[in-house]
Amino acid sequence: MAAVQQNLSKMISAQLRNKANEFLNSRKHANNLADILQMFEAETDNYTPLLLTVEVIFTELLRRGDLVEEIIPLKPAERSPEAEYKRWLRECYEAAHTRAIECIKRGRTNSRLQALVTACKLMQAEGKHPLEQSTGYYFPSVKLKNIFTTLLDSETSMSAPLARFQEFTEYRDVQQYGLKVLSTIAYRKSPTSIYMQNYLELLDKLLICEITMDNKGKLKERDFEQKEEKLLCSTEDKAPFPYNPGVCRRYANRCWGFACQWPLCDEPRSHRRALALLVERLMPLLTKPHLATDMLCDSLDAGGPISMLALQGVLELVRTHNIDYPDMYDRLYAMFEPEMFATRYKKRLMHLADIFLSSTHLPEALVAAFAKRLSRLALVASAEDAVGLLQLVANLLLRHPALKRMICYEDSPNIMSTDPYVMEETCASASRALGSSLWEVCALRRHNVPALSAAAARLLDTGAARAAPKPLAPQDLASSFDAELKRRFKTIEMNFVRPQGMTSSGDRVMQYWELMA
Amino acid sequence: MAKVKNKKNSGLADKVHNKRKMDNNKKKLNPFEVHINREKLKVLGKKSKHDRGLPGVSRAKAIQKRKETLGTEMKLMNKTNTFIDNRIGEKNKQLSAEDRMIARFAAERQNQRTKKNIYNLADDEVLTHRGQTLEQIEKFDDPRSDDEEDDGGVKFGGGLGDDFVDGHFGGGLLSQTDSKHGGKSHKDLIEQLIAESKKRKADKQKEKEQALDLTEKLDSEWKDLHPVVFTKMRKEDKEESAIDKLLSQAEKKSFDYDKMMRELRFEKRGTPSDALINDKKQEKEEKERLEQLEREREQRMLGEDERVVVKPQQAKPKHRSAEDLDDNFELDDDKEFMLAYDKDGKPLVPENILKDFSVPNTRPKFDDGISDTSEEEEEDDDDDESDDSDDAESNEHNEKVSKQNEDSDDALDTSTEAKTKRRKSKSDTDNDESDDDSDSIVPQNNQQLISKNKTNLQNGSAMEPDRKKQRTEDKAKNKNESSILIQNTKDKESDDESNENGEEEDEEESTEEDEDDEEKEEDFNDLKDLKESDVDSDNEMVEEDVEKIGSLFDLASDEGDKLKELLSGKTPSQQSTALQSLIKSYDPSLAENNKDRLSRLFAHMLQYISDIFTDLKDESDVLKSLLTFDKLAPFFYDLAHTNKVSTKKYLVELLKEKYGNFKKRQKRVPDLDTLIFFKLISLLYPTSDFRHPVTTPALIFMSEILISCKFNNAYSISRGLFVTTLILEYTILSKRLVPPAINFLRGILYLSANTSVLNPIEVVPPFKLHRDAKILNLDTDCSKMDVQNKMAAKDFVMADIDDDFKIRCLLTSSGILREFFDYFNDIEAQQYLFEPHLKLMDRIDLDLYPKKINKTISGVVQYMKSTLEVKTFSPLCREKPRPKALRLYEPEIKEVFTGSKSSKQLKTRYKREMKGALREIRRDKSFIASVKIRQKIQSDNIRRDKVKQIYKDAAIQQGELNKMKRMK
């Protein structure tokens, strides 16, 4: 069945290609175009061949300039068949574009993506070969607006097309015009959550290229940028694109302003997305970032991954905008729970904690509490996480020499009956960690993963020589499994007792399992 | 005061006495010869050496000296010929006379090594040993003839009768004439004498021959008698021990005899070929070897752990000069790497090593043709063993009384006897079975091992230990037999079956070797036909297998299929025998590429195991697969030992593949077709190593399973528990911390605990609060239920969680938990690790569980609590660095001291020397002058004398002339 379909689609695409070629070669086959456009009516889930054909036809037509109507001012429209034909072609072009945009919503993912790409390609072709003469830099904003309206659908999630759209937002002109267009169409009273998702995602994509902040050295950067930046719709003979970061920022602010009015924080998903957008892209662009403080503080209280994201924003505020946040460190302290390993933002959290705890004005008791808690967590963490945690602890020890007493106690050691550190205490400074030692790290030296065991040994050795704190190692993607497999060994040790079956010395499987009934 | 005076007096007396003695010793000086030098300035306390001198003596000395030196020189002056003493060592006063001789002798020998007789190796010199030449020693004279001849000689000298003397020497004519009345002529007498002596000689010869014959006869008879005496002796010993006191007197009488007998017995020496290391020694060596291996394992277990702390070692410079002779440096031979070759004959070693060493690119040697002899040897061995045991048994049957006092020399016998004794102690019915067991197993294993060992003759030493190992294991098996009673009867039956098969196999094998070649040529299609005509009897099965085995490696592409064909449709034990014969027939010693083939076989077996463990639907399937695995596991071990490198490669590839599959669906626990390999790895490789190419990734894989999978149904929980058990097994020796396993147990406890939303107890991902909670919680009263105390194979295929499963899960996990708990008894962090578990266990309503299980679990809880209660926390501290020693200043000492004082001294010394030298020269001159004048005077005197003589002669002549004139 599938084979038949495949054959069918192959046949169709071949047919379409023929038709398109015929149409492009001579005007005799003008009706082919009408046929092709007609085919959009048919219900299928795969428009890919059709879309490709349309793309080929119209990019070619635009390149040739067949669509350009010469309009002479103060003269009624010509009635010649030539002009008629052109007018008809333009109608067809508009129709094809709308059809393509419609297809973004329908059918299979592949075809949807293709529809988006076709629409953008057509837009690009039009930008390169404008339909009307213009003096400045021409960008087909109307087409872009159409695309955006479709992407900001209220019912269907557009994550896949939006992800694909990223390749176009990397162009500077798309970014600038996109932000402008978005700010015009964004206003909506009570958007659905899906709309919000799409909106945030689109905004995120539009801001993927960093917008430079400073006005100083503008000229220099101009020159630099002109070499660097990619432009979607530029050709040699066109006017240069007037890129203006200030304008971009203004539009971005306006877009965010609209979004702020929506109930972003009601649903965790959109909340998370909004926070990620805010923290990662928007913060430097905002004119009044402290307005986001409330949102961030609320989010920080939410707990879980949301608060981890908010933490980054708060950090930014604290560092650059002099916001004073109460119990900052206690909140950070509370975030280190075993559940953090299940979240996606654990690495970010550890990184942030490293920055937070690099402050020189921290009381030692607090840092000690962190060290204790982190190593406690490392006891239950997976090997990869534990390595990161240990590195963090090592940095703490290096930055705060007084913590050395946690790994090598100078005074005469008195044996305690319990650990003075109180894990349950929520206030970090009150957890009495300074009197404790990092016994957890000792236990980790017996970890089964050799790398981790070595890391723990190194940590215990930091007391001897003071080195500069290392940045948290970027977690290599290869897991320790692959790393171990790649390791070379000089010998391959074997057991020296021949097993007489499944049982061997030190066997535990047989002790707990009745497998040989 | 008095005392002091006294002392003084006594000292004086001594001095006087001493002086007298000295004077006696000294030559008495002529007071006229002594010249006293006058002192111009007398300095108090100064001792003057030159206050008196002996001018005459010293002058004589000086003259003598000059005579020897200057005088001789003068003699030789203006003469062309000189006499030089070139004798070796003559001038060297330090050499003793003997040393001088030796040096001269050595030089002499050296001289003989000229070019001419360089090939003339010690022809002319006669080597001696204790004064006798070697030829003399090597004469091998018959000692007995020697003394007899001597005897004869003595007799000859002393035995000459008077007649003889008379005959020869007359014996006095007078007496002869007196006694010559009988009328015997002298001639007759002589003849008689000759005849007599001839006769005596002949007699002696005869006697000698007879004695020789007799000795030989005696010798041969003794040899026949020897074994009889030998055994009899032992029996006697036994009887003595048994009857003891009664025979003690008789024993005493025969003591001398015994002693002599023993001395004689020492003559028998075993030839080196049948030297047997006796069992005790064997055991000891085996034990030592195992201990050594164990030590190495422990070393590896510690791994880099220790080294990291010590300090990163400085990288040794790799640079080595070409002229480096390595005389001063310790070579960094870290560890010997294993040299192995792949199928193309290229060495499989890490490249960095290849760079360092030049590995000769040779193919591994296989000793072909040895297989035949090995076969014979095996049989011999077997015979020997069986004979021995037979002997022992018969002995026992005969003399049950005298068992204890075994001759310690014959340890082999003892051990076998001991074995049989042990068997005897069992009931008769058992006896037969166990006998069968051990008898058939031992030869089989030995055979196999021997043939295997022939392959790698390079490390032939491995052979002994292996065999020994086998033996000790067998023994252990025997010992433990009583404890294996748990084994079901079914198992035993299968064992018996396998043994039978094995025996048949053995018979088969002798012919198999010959048939092998033919079979290989046989058409593959025929085999298939044969296979389809499935015959039930094992015998034919085996034959069929043999054929299949023969063609197994014909085509590289379908080896796997063929192996599958070979193994499928059989009971596990049959598979085992089939595989055994397969491996034996492709022994690396038999053909060149068999090693390679075997390693491929390893891969196919892995595939086979993977296949039989996929998609198991019901319990019987699981059990069957596990049984098969159980039977095949030892062969994996054997194969892995034949080719370590490539088998490791296969296993690692397999792990990678399985890991890839797992990564695709991370939330799902891998099925048994993955998990079983973890078990296999633990059978093959040491799991305790700090780092190991196979076990470390396997352990990481397992912990990742426990980290990322979801455990919410019977399927996942049973497999999770299995993995946890495996992790426990992996770390049982090294006691390593594997947090995922401990977290998993915490999760299991969480699932079975009665948790509430209000006061939750933390769990660690992959478990989450309030999700899937209580799925293992027991909510009905099962205290009357009868539950197995182990997890079982059926749990792997269980669809829904039932009470039985819940109970067993909890029991097993608490058992495992306790073992993990014990790992960390010495570590403070134990409390952090296991506190949550205890909290969760408190939430479990143990009253619902069966009583026995309730007791066990609460026992575990009690134990853990009590251990944690007495836990003490001592702060971490590090060894204090040693205090640095204060720097001490030492005086600087210069060897050469140059100052103004010395130069002055030198000047005066020079002056003095100069003066002395001038004086000496002057004296030399005067000496020469005196000598010359003496010579002159002497020659003048001679001339004067001669002139006087001439005058005298002339005057005489003149006088005579004048006389004659006057006469005229």
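Residues numbered from 1 in each chain as written. Chains lettered and ligands numbered in written order. Predicted model: local features only at pLDDT ≥ 70, side-chain atom pairs only at ≥ 80, totals over all residues. Heavy atoms only, no water.

It is worth spelling out the overall build of chain A at this point. Each helix and strand in chain A was counted, giving 22 helices and one strand. Taken across its 517 residues, chain A has 51% of its residues classed as buried. When contacts within chain A are restricted to residue pairs at least 6 apart in sequence, those whose partners lie at least 24 apart make up 75%. Surface exposure of chain A reaches about 24800 Å², of which carbon and sulfur atoms provide 52%. (Helix = DSSP H or I, 4+ residues; strand = E, 2+ residues; numbered from the N terminus. Buried < 20%, exposed > 50% of the residue type's maximum accessible area, 1.4 Å probe, protein only. Contact = heavy atoms within 4.5 Å. Areas by Shrake-Rupley, 256 points an atom, 1.4 Å probe, with all protein chains shown as cover.)

Another point: the overall build of chain B. Secondary structure assignment for chain B yields 33 helices and five strands. Residue burial in chain B is summarised as follows: out of 968 residues, 34% are buried. For chain B, long-range pairs separated by at least 24 residues make up 70% of all intrachain contacts whose partners lie at least 6 apart in sequence. Carbon together with sulfur atoms contributes 52% to the accessible area of chain B, which is approximately 65900 Å² in total.

Attention now goes to helix H26 (residues 672-684) of chain B. Think of an α-helix as 3.6 residues a turn; residues three or four steps apart then line up on the same face. The terminal C-alpha atoms of H26(B), which comprises 13 residues, lie 18 Å apart, in line with the 18 Å expected from a rise of 1.5 Å per residue. Where burial is concerned, most of H26(B) is hidden: 13 out of the 13 residues are buried. (Expected span 1.5 Å × (residues − 1).)

For the rest of this paragraph, the subject is the pattern of salt bridges. When the charged atoms of two side chains with opposite charge come close together, those side chains can pair. All names here are of chain B. Summed over the entire model, instances satisfying the criterion amount to 23 salt bridges over all chains. When the shortest N-O distance is used, the salt bridge between lysine 658 and aspartate 673 registers 4.0 Å. In this pair, lysine 658 sits in helix H25 (residues 644-664) while aspartate 673 sits in helix H26, placing the two residues 15 residues apart along the sequence. With respect to class, lysine 658 is no different from aspartate 673; both count as buried. The shortest N-O distance in the salt bridge between lysine 679 and glutamate 729 comes to 2.8 Å. Here the residue lysine 679 occupies a position in helix H26, and glutamate 729 occupies one in helix H28 (residues 714-731), the gap between them amounting to 50 residues. (Salt bridge = Lys/Arg side-chain N within 4 Å of Asp/Glu carboxyl O.)

What follows is about the packing of aromatic side chains. Residue and element names in this part refer to chain B. All told, the structure shown has 22 aromatic pairs over all chains when counted by the stated rule. Residues phenylalanine 678 and phenylalanine 701 carry aromatic rings whose centres are separated by 5.2 Å and whose planes lie at 85° to one another, so their mutual orientation is edge-to-face. Here phenylalanine 678 is found in helix H26, whereas its partner phenylalanine 701 is found in helix H27 (residues 695-708), with 23 residues between them in sequence. Summarising the burial analysis for this pair, phenylalanine 678 and phenylalanine 701 share the class buried. (Phe/Tyr/Trp six-rings, centres within 6.5 Å; stacked < 30°, edge-to-face > 60°.)

Moving on, we get to the confidence of the model for chain A. Residues and elements named next belong to chain A. When pLDDT is averaged along chain A, the result is 77; 85% of the residues meet or exceed 70. Helix H10 (residues 218-228) is the least confidently modelled element of chain A, averaging 48 in pLDDT, while helix H17 (residues 364-380) averages 89, the highest of any element. When the criterion is pLDDT under 50, residues 216-227 qualifies, and its contacts beyond four places in sequence or with other chains add up to five contacts. (pLDDT = per-residue confidence, 0-100.)

A separate point is the side chain of B:Ser625. Residues and elements named next belong to chain B. Within the element layout of this structure, serine 625 appears in helix H24 (residues 619-642). Judged by its relative accessible area of 6%, serine 625 falls in the buried class. Only 2.8 Å separates the side chain of serine 625 from the backbone oxygen of aspartate 621, close enough to count as a polar contact. With sequence-adjacent residues up to four places away left out, serine 625 is seen in contact with Ile612, Phe613 and Leu616. (Polar contact = N/O pair within 3.5 Å; in protein donor to acceptor, adjacent residues only side chain to side chain.)

Here we take up the UniProt feature "coiled-coil region" (unreviewed entry) in chain B. UniProt marks residues 187-214 of chain B with the feature "coiled-coil region" (unreviewed entry), using the numbering shown here. Here residues 187-214 of chain B is 100% helix and 0% strand, with 41 Å between the C-alpha atoms at its ends. (UniProt positions renumbered as here; feature names shortened; annotations may be inferred.)

Each partner contributes to the interface: chain B provides 106 residues, whereas chain A provides 81 residues. Regarding the contact of chain B and chain A, the summed buried area is about 8600 Å², with carbon and sulfur atoms giving 62% of it. When the area that chain B buries against chain A is broken down by residue, the three leading residues are B:Arg691, B:Tyr832 and B:Leu876, summing to 9%. At the junction of chain B with chain A, the criterion picks out one salt bridge. Here A:Arg446 makes a salt bridge to B:Asp826, at a shortest N to O gap of 3.7 Å. (Buried area = accessible area lost by both parts, 1.4 Å probe.)

Residues and elements named next belong to chain B. On average, residues of chain B carry a pLDDT of 70, and 60% of them reach 70 or more. Contacts from residues 305-318, a stretch scored under 50 in pLDDT, to residues over four places away or in other chains number eleven contacts. Scored below 50 in pLDDT, residues 352-540 makes 191 contacts in the model with residues more than four places away or belonging to other chains.

Let's shift gears to the packing of H26(B) against H28(B). Helix packing for two helices is described by the angle between their axes and how far apart those axes are. Residues and elements named next belong to chain B. Between H26 and H28, the shortest axis-to-axis distance is 10 Å and the interhelical angle comes to 15°. By the angle between their axes, H26 is roughly parallel relative to H28. Between H26 and H28 the crossing geometry is left-handed. Within the contact between the two elements, H26 uses Leu672, Leu675, Phe678, Lys679, Ile681 and Ser682 and H28 uses Arg719, Phe722, Val723, Leu726, Glu729 and Tyr730. Looking at the contact of H26 with H28, its residues break down into eight nonpolar, one polar and three charged. (Axes fitted to C-alpha atoms, helices over the stretch in contact; angles between N-to-C directions. Parallel < 35°, antiparallel > 145°, perpendicular 65-115°, else oblique. Left-handed = near helix turned anticlockwise from the far one by under 90°. Nonpolar A, V, L, I, M, F, W, Y, C, P; charged D, E, K, R; others polar.)

All names here are of chain B. Following both chains from N to C, one finds H25 and H27 inclined at 10°, their axes separated by 11 Å at the closest point. Relative to H27, the element H25 lies roughly parallel. Handedness of the H25/H27 crossing: left-handed. Every residue of H27 that contacts H25 at Leu655, Lys658, Tyr659, Phe662 and Lys663 is listed here: Pro697, Ala698, Phe701, Glu704, Ile705 and Ser708. Its residues assigned to classes, the contact of H25 with H27 comprises seven nonpolar, one polar and three charged.

At A:Arg432, a residue that is not glycine, the phi angle is positive and equals roughly 55°. Positionally, A:Arg432 belongs in the loop between helix H18 (383-399) and helix H19 (439-444). By relative accessible area, which is 57% here, A:Arg432 ends up exposed. Although it is not a glycine, B:Lys735 adopts a positive phi angle of roughly 55°. The exposure class of B:Lys735 is partly exposed, given its relative accessible area of 35%.

A cluster of acidic residues, A:Glu339, A:Glu424, B:Glu762 and B:Glu835, forms a negative patch at the surface. Tracing the backbone through its elements, the reader meets A:Glu424 in the loop between H18 and H19. (Patch = residues over 30% accessible without salt bridge, like charges linked within 9 Å, V, L, I, M, F, W, Y side chains within 5 Å. Lys, Arg positive; Asp, Glu negative; His and termini not counted. Charge placed at Lys NZ, Arg CZ, Asp CG, Glu CD.)

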